[in-house]
Amino acid sequence: MCGIIGYIGKSEATGILLQGLKNLEYRGYDSGGIAVLNRNKLQVVKAKGEIKCLEEKLGKSNLKGSLGIGHTRWATHGKANEINAHPHCSKHFAVVHNGIIENYKEIKESLAMSGITFESETDTEVIPKLLELNYSGDVLQAIRKTVKLLEGSYALGIICTDHMESFYCTKKGSPLIIGIGEDENFIASDINPLLHYTNNAVYMEDGETAEITANHVAVFDSSFAEIKKEIKTIQLHKSAADKGDFEHFMLKEIYEEPAVVKASLHSVTDDGDAVFTDMPFGEADFKNLSRIYIVGCGSAYHVGLIAKYNFEKVAKIPAFAEYAGEFRYADTVIDESCLVIIISQSGETADSLAALKQAKEMGAKTISIVNVPESSIAKMSHYNILTLAGAEVAVATTKAFSCQLCVLNMLCLYIARQRNACTEVFSEIAVNMSRLLPKKIERVLLKADELKTLAKKIKDIDRCFFLGRNVDFGVSLEGALKLKEISYIDCVGYPASELKHGTISLIEKDTVCFGLISSNDLLSKTVSNLTEVTARGARVIVFAPESLAENLGQFETVITYPDSIPFLTPSIEVIPLQLLAYYVAYERGLPIDKPRNLAKSVTVE
Ligand code: M6R
């Protein structure tokens, strides 16, 4: 969590760092801060709250200098206040940190015994203090001795007052990229802030440290021997990180869904076939699989849950959706007959990364579905499928979710065909029908006004339920998460069948229940559960394909969407729920792209 940035070059650092922090703000927005070096003196400005608060403060300061580091924080240790904001400093050093130092208490105690005092409650502050203690003129040596003592995860940007011509970075377990410019260089937690300045990047690996000047980058391995790193070309375009004409990133990203779903599907299909080039597992591997685990956090878990039903139905293999944070501690029996599919937009989620590592160590075959190339999960899995959603900035995921779901469905078809579990005809129909998804999603987007009107009607509710069965239960969880994370309404996704076993006692007059019915198979069953809540005074709003509308009976509101085959319908079903969540949060006047307490990338446990 947290975003770090660093700059050295000919320009004034402050503006560049500030712009960079704005691009990284989705990683955390509890506080911000920058340190700029001028004539060997550190100038530090910090502010509680969003980066705009830091910007205001910087307007009143007059920082000068062309070397600096910056930080945007998602608080883990200590309150979200100015004292705990980064950079943290010692006499010679200023440090920005993304990650968690797990043994900071022991280090703090040991340092305190040596008379060293601390200002903040953070884990990070031990780092500049250790650097100071280990420093005798050679910064690389000080870093080497310091990182040896750190347990946990870190990406660090470091400046030292004795060195006006260089700054430093090092990493373990948290992402860090060096942007290579012309007579200027950068560091950042992800590529978004770099896109304004360069398309060339060096991706740092765990244990590596770099010394960066305006014209040169020297990278060292864990034994501090200099190594040669490849400079890679960043594929994303700058406009991906802009809001364009939209008021919020979330809405922009919803409207991008037809295009990114099309691109993602295009990358894994060819002429009626699901195609996964260079797949390291062959027919025999897939035939011999005993089960599949689909693992992720939050929305990525929901993708897995929806797909689980398809894997069982179409690929005829036992499939389990698992929360990564649970899976990693559950002693699940995994062996080489298991396929573990890890889903993650960022590719950096700590729990998902740990689950992947564990599955691999236990011998499982691993495939990841990730939206960020070169991310840790993409690199660690045996095979990575890149979704082509482009940069997703809003904390609430929308377009990445849709890309993950359609790509995972294609993987399901591919595995089903390898196992001879489904016919070529079904596979071809499904691939061809998937090509129509972008147009169908576009048609849902035309319903924005209808959803805006619905949002106005329900905006003041305190609580609601999303009810569905099987795949619709998965979509219910996603609908509930989307609405709750940005509107702060207490939303629960629930299997429609389960309500009567306890939770129905919460239904009273005017409780809002959303009923999700994506196919005829379970229509009558879900309708009867919805009738039960209507009988207890609930307001029921049903989402269903156009062809099923007239079989539903009488409910307060029915929102329809274009039909597809059941295998693909959830990809369309989720879109009105995303729009509804957006418009409800909008009506409530909330910070849609940056909901309270959250961050886009959860790189801590
Ligand atoms: O980057 P990841 O896909 O691994 O992130 C997983 C979750 O943190 C993420 O889906 C989260 O639940 C979203 N805020 C939901 O909108």
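Residues numbered from 1 in each chain as written. Predicted model: local features only at pLDDT ≥ 70, side-chain atom pairs only at ≥ 80, totals over all residues. Heavy atoms only, no water.

**Student:** How would you sum up the overall build of the protein chain? Please name residues and give values.
**Tutor:** Secondary structure assignment for the protein chain yields 19 helices and 27 strands. Here the protein chain has a C-alpha radius of gyration of 25 Å; the compact-globule value for 605 residues is 25 Å, and the two agree. Classification of the 605 residues of the protein chain by burial places 61% in the buried group. Contacts spanning at least 24 positions in sequence make up 72% of the contacts within the protein chain whose residues lie at least 6 apart. A total accessible area of about 23,400 Å² is found for the protein chain, and carbon and sulfur atoms account for 49% of it. On the protein chain, the mean spot of the 64 positive side-chain charges and the mean spot of the 77 negative ones are 3 Å from each other. (Helix = DSSP H or I, 4+ residues; strand = E, 2+ residues; numbered from the N terminus. Rg over C-alpha atoms; globule rule 2.2 N^0.38 Å. Buried < 20%, exposed > 50% of the residue type's maximum accessible area, 1.4 Å probe, protein only. Contact = heavy atoms within 4.5 Å. Areas by Shrake-Rupley, 256 points an atom, 1.4 Å probe, with all protein chains shown as cover. Lys, Arg positive; Asp, Glu negative; His and termini not counted. Charge placed at Lys NZ, Arg CZ, Asp CG, Glu CD.)

**Student:** So, unusual backbone geometry: which residues are in play, and what are the values?
**Tutor:** Each neighbour pair has its own omega, and for histidine 86 with proline 87 the value is 0 degrees, a cis peptide bond. Structurally, proline 87 can be placed in the loop between strand E4 (67-73) and strand E5 (88-89). Of note, the phi angle at asparagine 420 is positive, near 55 degrees, even though the residue is not glycine. Assignment of secondary structure puts asparagine 420 in the loop between helix H13 (399-418) and helix H14 (424-434). Taking the relative accessible area as the measure of exposure, asparagine 420 reaches 56% and is therefore exposed.

**Student:** I'd love a proper account of helix H3 (residues 104-113), names of residues and values included.
**Tutor:** The complete set of buried residues in H3 reads Tyr104, Ile107, Lys108 and Leu111. Each buried residue of H3 sits inside an arc of 100 degrees when the element is viewed along its axis, so together they form one side. Those residues of H3 that are exposed and aimed more than 90 degrees away from the buried face are Lys105, Glu106, Glu109 and Met113. Those residues of H3 hidden inside the fold are in contact with strand E6 (93-101), helix H4 (126-133) and helix H5 (139-149). Phi turns positive, to about 85 degrees, at glycine 115, one or two residues after H3. (Arc of directions from axis to C-beta.)

**Student:** An account of the sheet that holds strand E23 (residues 463-468) is requested, with residue identities and associated values reported.
**Tutor:** Reading across the sheet, the 5 strands line up as E24-E23-E25-E26-E27 and stay open at both edges, with parallel pairing between neighbours. One side of each edge strand has no neighbouring strand; the edge strands of this open sheet are strand E24 (490-495) and strand E27 (557-561). Direction aside, neighbouring strands of the sheet carry axes that sit 20 degrees apart on average. Set on the sheet, helix H16 (residues 448-458) makes contact with strand E25 (512-516), strand E26 (539-545) and E27; between it and E26 the angle comes to about 160 degrees. Along the sheet, helix H17 (residues 471-487) makes contact with E23, E24 and E25, crossing E24 at roughly 175 degrees. (Pairing = 2+ DSSP bridges. Axes fitted to C-alpha atoms, helices over the stretch in contact; angles between N-to-C directions.)

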